[in-house]
Amino acid sequence: MKIVISPRMRCFGIAGALAGLLGGCATPAPPVGLQEEFGSGSMHSRLFDATPAATCEAGRRALLSQGYIVNSASADMVEGTKSFQPDPDSNVQMTIRAVCVADAANGRGTLGFVSGLQDTYILRKTNNSASLGVPAIGSVSLPFSASSEALVKVASKTVSSLAFYERFFDIVKIYLRQEARIDVLPDPPAIPMSGTAQVGGAADMADMADTADADGAANPP
């Protein structure tokens, strides 16, 4: 018995063989592991002996002192951004957000939570060739080309450096201490008048009274 293989069956056989070959060579992408591990660390939080409003105000001043642009600020939250350029073709934007939560019944204790987000952008160029439409021929590409540049985000991650947050908390504490010194600053003491000044002041007041009486007698109503 003779088996005849048609061109159509031959094509299907070749396509199936190629599909099996490609399927055998392709390796599945490795699964992405769980990145978050909840722990008892205090990297992102600190306890401050101040009100939430005073703590967030100190956080706002801390960001301003380091060149950050404050995007939003309130009595319980402050957020700022700052841009860096490690090289001519890349840009890094840092965003810091601080949240102030009351931690004591009297409102003097505050638990501050801080997180930093770092976004990385790179400069990508796109070449665009000019084309000219000719009715008889169609579209003709010309050798003239133009390139456009745009920043494309390639990475975004939360800062996980303990030293980074420690430096921020240290600056917040500095501004809180400055605010505390202003609050407890006593009123300036009154300068007592000397005996000569008191006598002279009484004499001047007497002279003014005598002048007023003389004017009243010379110019009766």
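Residues numbered from 1 in each chain as written. Predicted model: local features only at pLDDT ≥ 70, side-chain atom pairs only at ≥ 80, totals over all residues. Heavy atoms only, no water.

### A few points about the state of the cysteines
Thinking step 1. What the rule picks out here adds up to one disulfide.
Thinking step 2. Disulfide pairing is shown between cysteine 56 and cysteine 100; the S-S distance is 2.2 Å. Judged by the torsion about the S-S bond (115 degrees), the cysteine 56/cysteine 100 disulfide is right-handed. With cysteine 56 in helix 2 (residues 52-65) and cysteine 100 in strand 4 (residues 90-102), the pair connects residues that are 44 residues apart, well separated along the chain.
Thinking step 3. Using a relative accessible area of 3% as the deciding quantity, one classes cysteine 56 as buried. (Disulfide = S-S within 2.5 Å. Helix = DSSP H or I, 4+ residues; strand = E, 2+ residues; numbered from the N terminus. Buried < 20%, exposed > 50% of the residue type's maximum accessible area, 1.4 Å probe, protein only.)

### A look at the packing of aromatic side chains
Thinking step 1. Counted by the stated rule, this structure contains three aromatic pairs.
Thinking step 2. Consider the rings of phenylalanine 164 and tyrosine 165, whose centres lie 5.1 Å apart with planes at 85 degrees: the pair is edge-to-face. The same class applies to phenylalanine 164 as to tyrosine 165, namely buried.
Thinking step 3. Taken together, the aromatic side chains of Phe48, Phe168 and Phe169 make up a single cluster linked through ring pairs. (Phe/Tyr/Trp six-rings, centres within 6.5 Å; stacked < 30°, edge-to-face > 60°.)

### Thoughts on the nonpolar core
Thinking step 1. One finds Ile96, Val114, Phe168 and Val172 to be the most contacted residues of the largest nonpolar core, which totals 18 residues.
Thinking step 2. At the level of elements, helix 2, strand 4 and helix 3 (162-183) are the ones that each hand at least two residues to this core.
Thinking step 3. When near neighbours in sequence (up to four residues on either side) are disregarded, isoleucine 96 contacts Leu63, Tyr68, Val78, Glu79, Gly80, Val114, Ser115, Gly116, Phe164 and Phe168. (Core = buried A, V, L, I, M, F, W, Y, C linked by side-chain atoms within 4.5 Å. Contact = heavy atoms within 4.5 Å.)

### Remarks on the pattern of salt bridges
Thinking step 1. Inspection of every chain in the model, using the stated rule, returns five salt bridges.
Thinking step 2. One salt bridge connects arginine 46 with glutamate 166, and the closest N-O pair in it is separated by 2.3 Å. Taken together, the positions of arginine 46 in strand 1 (residues 45-48) and glutamate 166 in helix 3 put the pair 120 residues apart, joining distant regions of the chain.
Thinking step 3. Here arginine 46 falls in the buried class, since its relative accessible area comes to 15%.
Thinking step 4. The closest approach of N and O atoms between glutamate 79 and arginine 97, which form a salt bridge, is 2.6 Å. With glutamate 79 in strand 3 (residues 77-84) and arginine 97 in strand 4, this residue pair connects regions lying 18 residues apart in the sequence. (Salt bridge = Lys/Arg side-chain N within 4 Å of Asp/Glu carboxyl O.)

### Some details on the pairing of strand 3
Thinking step 1. In this sheet, strand 3 lies alongside strand 2 (residues 69-73) in antiparallel orientation, the contact comprising four bridges. Its bridge partner lying in strand 3, serine 72 is registered against glutamate 79.
Thinking step 2. With antiparallel pairing between neighbouring strands as the criterion, strand 2 and strand 3 make up a hairpin whose turn holds three residues.
Thinking step 3. Here strand 3 pairs with strand 4 via eight bridges, running antiparallel. Its bridge partner lying in strand 4, valine 78 is registered against alanine 98. (Pairing = 2+ DSSP bridges.)

### Comments concerning the side chain of serine 90
Thinking step 1. By the secondary structure assignment, serine 90 is in strand 4.
Thinking step 2. One polar contact links serine 90 to aspartate 87, side chain to side chain, over a distance of 2.9 Å.
Thinking step 3. Excluding its chain neighbours within four sequence positions, the residues that come into contact with serine 90 are Gln85, Tyr121 and Ile122. (Polar contact = N/O pair within 3.5 Å; in protein donor to acceptor, adjacent residues only side chain to side chain.)

### Regarding the confidence of the model for the chain
Thinking step 1. Chain-level statistics for the chain give a pLDDT mean of 76 and a share of 58% at 70 or above.
Thinking step 2. Low pLDDT, under 50, characterises residues 195-202; the stretch is placed with one contact to residues that sit more than four places away or in other chains. (pLDDT = per-residue confidence, 0-100.)

### Structural notes on helix 2
Thinking step 1. A rise of 1.5 Å per residue sets the reference length of helix 2, with its 14 residues, at 20 Å; its end C-alpha atoms lie 20 Å apart and thus fit the reference within 8%.
Thinking step 2. Turning to helix 2, its buried residues are Pro52, Thr55, Cys56, Ala58, Gly59, Ala62 and Leu63. An end-on view of helix 2 places all buried positions within 155 degrees of arc, on one side of the element.
Thinking step 3. Taken from the residues just after helix 2, glycine 67 is the one with a positive phi, measuring 85 degrees. (Expected span 1.5 Å × (residues − 1). Arc of directions from axis to C-beta.)

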